[in-house]
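# Architecture and fold: a report
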Amino acid sequence: MLTATLGSYGSRGNVYAEANAIDQTAVDRAISSINETGVPNILTLYFMGNDHYAHKTAGDSDVVQRSYLKSSLDGHIGRLVTAIEQHGVMDKTAFVIVADHGHTNTVADADHAIELEGRSNMELEYLIESVCENGGCYDVKDTLLEASYSAVTGLNGGMAYIYVRNRANDDWTKPARYEKDVLAMANAFYQANQTGRYSGAAAKNFDFIKGRVDMILVRDTESSNTFDGPPYVVYTGKNAQGQHQTESVPSWLARNPRPGYLRMDERLQGLTRGHSASRTGDIILIPKYGEEADPDDRSYFGEELESWHGGISQDDLKIPLIVARPGAPKSATFAKVSSEVSAIPMHSDVPKIILKLLEDAPRRQ
Ligand SMILES: [Zn+2]
């Protein structure tokens with residue numbers, strides 16, 4: 001039912017139209033490909049519309065997403081199912097539906113959004129560029145075309161990455177200096193979060209971030225001279241002797257329980273290994289966003305949006321897993337999937353599930 005009304009979300013009808021057009025186009029292309037060359041062994045489709053709609057539509061994100069799934073995506077998937085049926089391979093087809101993240105409800109205004117450049121108040125750019133000790137003031141990349149810069153932010157809602165360049169050799173391909181670059185920057189965030197002030201910019205007010213950050217994570221890639229391996233630890237400020245202090249994530253969490261930060265240490269370690277290791281920030285900022293029950297108490301990094309993701313909150317982490325095999329009894333499908341994954345499957349288990357399901361698939365010669 002593509003024409004279903006959106007009830008109270010009607011005023012955001014243009015957002016619905018944009019989202020629906022994205023998913024409609026994806027399914028249209030899949031169907032024309034099937035009609036041209038037959039049903040492939042594996043077909044992957046990414047539906048971006050739900051994400052777009054949830055970010056920009058006011059109201060409880062679960063309710064908003066359900067309304068979109070019903071009024072838009074359900075119909076599109078139905079068209080795809082019909083196309084597969086028409087090729088006579090339905091009893092040899094398995095459908096796996098999974099999401100890459102959930103959504104956490106947020107308040108879409110400048111008070112809750114921590115951005116690179118504030119509209120009226122000073123935000124991350126001003127704080128980062130106030131860090132001048134140990135080698136000249138940082139210059140953050142604040143426009144797409146800016147060619148020369150020494151700091152980069154990756155603002156992704158429930159988490160922010162801060163990348164700092166080694167100001168001794170100005171080489172982005174090499175790890176930054178741990179103490180002089182990474183910890184110097186972490187300390188600016190720590191001070192501003194604690195007091196709204198930073199000693200490197202005494203006259204400036206950084207209230208935009210005061211009390212909004214839950215954890216500041218850093219990692220020492222300098223000692224090992226590689227991005228792959230060094231774990232993130234929690235930055236806890238300077239001691240009385242002026243030395244930077246850090247603590248392991250498990251130890252910090254033992255002192256400051258965060259029951260909603262599911263499997264945090266394990267998941268953080270995943271960011272420091274393999275192909276993603278060189279892409280994660282020198283500093284990770286975790287906003288107060290995961291444990292706060294009231295969206296009004298949550299802060300996030302990036303654009304002002306009605307819901308966000310990208311963090312370690314429960315709402316960001318819990319995702320659906322739907323497996324349907326029209327040609328097989330439900331109990332057989334359940335047994336097949338269960339044999340591959342633990343009682344609580346992780347997103348990373350999905351490839352294993354697909355490989356298992358393919359055992360029954362026809363192979364194209
Ligand atoms: Zn998104």
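What you see is a predicted model, and the numbers here were worked out from it, not measured in a lab.

## Overview of the overall build of the chain
For the chain, the count of helices and strands is 11 helices and 12 strands. Projecting the C-alpha coordinates of the chain onto the three principal axes gives extents of approximately 75 × 45 × 40 Å. Taking all 365 residues of the chain together, the buried fraction comes to 33%. A separation of at least 24 residues holds for 64% of the contacts in the chain among residues at least 6 apart in sequence.

## Here we look at the nonpolar core
Ranked by size, the top nonpolar core spans 51 residues in total, and within it M185, A186, I216, I283 and L285 carry the most contacts. Top contributing element to this core by residue count: helix α5 (residues 178-195), with 9 residues. Ignoring any residue separated from it by four or fewer positions in sequence, one finds A186 in contact with I216, V218, Y235 and I283. A19, F47, Y53 and A54 belong to the second largest nonpolar core, which has 9 residues in total.

## What about the environment of G118?
Here G118 shows up in the loop between β3 (113-114) and α4 (124-128). Judged by the 15 C-beta atoms lying within 10 Å of it, G118 falls in the partly exposed class. Expressed as a C-alpha distance, the spacing of G118 and I97, which sit 21 residues apart in the sequence, is 38 Å. Residues contacting G118, with those up to four places away along its chain left out, are A110, E123 and F208.

## Things to note about the pairing of strand β7 (residues 233-238)
Both strand β6 (residues 213-218) and β7 contribute to a ladder of 2 bridges, which runs antiparallel. Its bridge partner being in β7, L217 is matched across the sheet by V234. Examined bridge by bridge, β7 and strand β8 (residues 244-248) share 4 bridges and lie antiparallel to one another. In the sheet register, Y235 faces β8, and the bridge partner there is T246. Between β7 and β8, which pair antiparallel and follow one another directly, the connecting turn spans 5 residues, one of which, G242, has a positive phi of 80 degrees.

## Here's the deal with the confidence of the model for the chain
Taken residue by residue, the chain gives an average pLDDT of 91. The fraction at 70 or more is 94%. For residues 1-11, every residue scores under 50 in pLDDT, and the model assigns this stretch 17 contacts once sequence neighbours within four places are set aside.

## Re the sheet that holds β8
Each strand in a sheet pairs with its neighbour through backbone hydrogen bonds, running either in the same direction (parallel) or in the opposite one (antiparallel). With antiparallel pairing, 6 strands are arranged side by side in an open sheet as β4-β5-β9-β6-β7-β8. Looking at the sheet topology across the chains shown, the edges are occupied by β4 (151-155) and β8. When the angles between neighbouring strand axes are averaged without regard to direction, this sheet yields 30 degrees. Strands β5 (160-164), β6, β7, β8 and β9 (283-287) of the sheet are contacted by α5, whose axis makes an angle of about 175 degrees with β6.

## Notes on the domain arrangement of the chain
The assigned domain composition of the chain is domain 1 (7-106 + 316-358) and domain 2 (113-305). Its C-alpha centre places domain 1 at a distance of 35 Å from the equivalent point of domain 2. With 7 residues of domain 1 at the interface, the matching set in domain 2 holds 7 residues.

## Here we look at the packing of helix α2 (residues 49-56) against helix α3 (residues 61-86)
Where α2 meets α3, the axes come as close as 9 Å, and the angle between the chain directions of the two elements is 140 degrees. Classed by the angle they form, the pair α2 and α3 counts as oblique. As for how α2 packs across α3, the hand of that crossing is right-handed. Between α2 and α3, the contacting residues are G49, N50, Y53 and A54 on the first element and S61, V64, Q65, Y68, L69, S72 and L73 on the second.

## Notes on the environment of V15
In this fold, V15 is placed in helix α1 (residues 13-37). C-alpha of V15 to C-alpha of V39: the two residues are 24 residues apart in sequence and 32 Å apart in space. In this view, V15 contacts Y53, K56 and T57; residues no more than four positions away in its chain are not counted.

Procedures and definitions
Residues numbered from 1 in each chain as written. Predicted model: local features only at pLDDT ≥ 70, side-chain atom pairs only at ≥ 80, totals over all residues. Helix = DSSP H or I, 4+ residues; strand = E, 2+ residues; numbered from the N terminus. Buried ≥ 20, exposed ≤ 12 C-beta atoms within 10 Å, placed from the backbone. Contact = placed C-beta atoms within 7 Å. Core = buried A, V, L, I, M, F, W, Y, C linked by C-beta atoms within 7 Å. Pairing = 2+ DSSP bridges. pLDDT = per-residue confidence, 0-100. Axes fitted to C-alpha atoms, helices over the stretch in contact; angles between N-to-C directions. Domains from an automatic or database assignment. Parallel < 35°, antiparallel > 145°, perpendicular 65-115°, else oblique. Left-handed = near helix turned anticlockwise from the far one by under 90°.

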